Amino acid sequence: MAAADPPGAGDLSQLAENLLHQLQENFQALTEKITLGMEEMGERIDDLEKNVADLMTEAGIENSDEELRIFTVFYGGSTNSSQICKLRLYICNKMCVA
């Protein structure tokens, strides 16, 4: 500590350094938690897309572009509205039976 430093300046500096270190550790832990959550959500979305595709297959809806079908169902695209209606009816019937 330099002679011009007020008493306790070293303690304040150490306290600030410790606080920054804790913030960095907390930020790293939060980043890891968010990344894990995003990976899990990605897996759930993949499963959901597969289940929708399976339901469409069971309902007899055929289309060579699976991603287009999923996009159409989930986002209300107008590629083939009769297929969307058919799938929705099929899903409703499956839910009522279950």
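Rules and cut-offs
- Residues numbered from 1 in each chain as written.
- Predicted model: local features only at pLDDT ≥ 70, side-chain atom pairs only at ≥ 80, totals over all residues.
- Heavy atoms only, no water.
- Helix = DSSP H or I, 4+ residues; strand = E, 2+ residues; numbered from the N terminus.
- Buried < 20%, exposed > 50% of the residue type's maximum accessible area, 1.4 Å probe, protein only.
- Contact = heavy atoms within 4.5 Å.
- Areas by Shrake-Rupley, 256 points an atom, 1.4 Å probe, with all protein chains shown as cover.
- Salt bridge = Lys/Arg side-chain N within 4 Å of Asp/Glu carboxyl O.

Draft legend 1. Representation of the overall build of the protein. Counting its regular elements, the protein contains 3 helices and 0 strands. Written out in order from the N terminus, the α and β elements of the protein read α-α-α. Taken across its 98 residues, the protein has 13% of its residues classed as buried. A separation of at least 24 residues holds for 39% of the contacts in the protein among residues at least 6 apart in sequence. Of the roughly 8,100 Å² of accessible surface on the protein, 59% is carried by carbon and sulfur atoms.

Draft legend 2. Spatial organisation of the pattern of salt bridges. Taken as a whole, this structure holds 1 salt bridge when the rule is applied. A salt bridge links Lys-50 to Asp-54; its shortest N-O distance comes to 2.9 Å. One end of the pair is Lys-50 and the other is Asp-54, both in helix H1 (residues 9–58) and 4 residues apart, which spans about a single turn.

Functional significance is not addressed by these values, which are geometric in nature.
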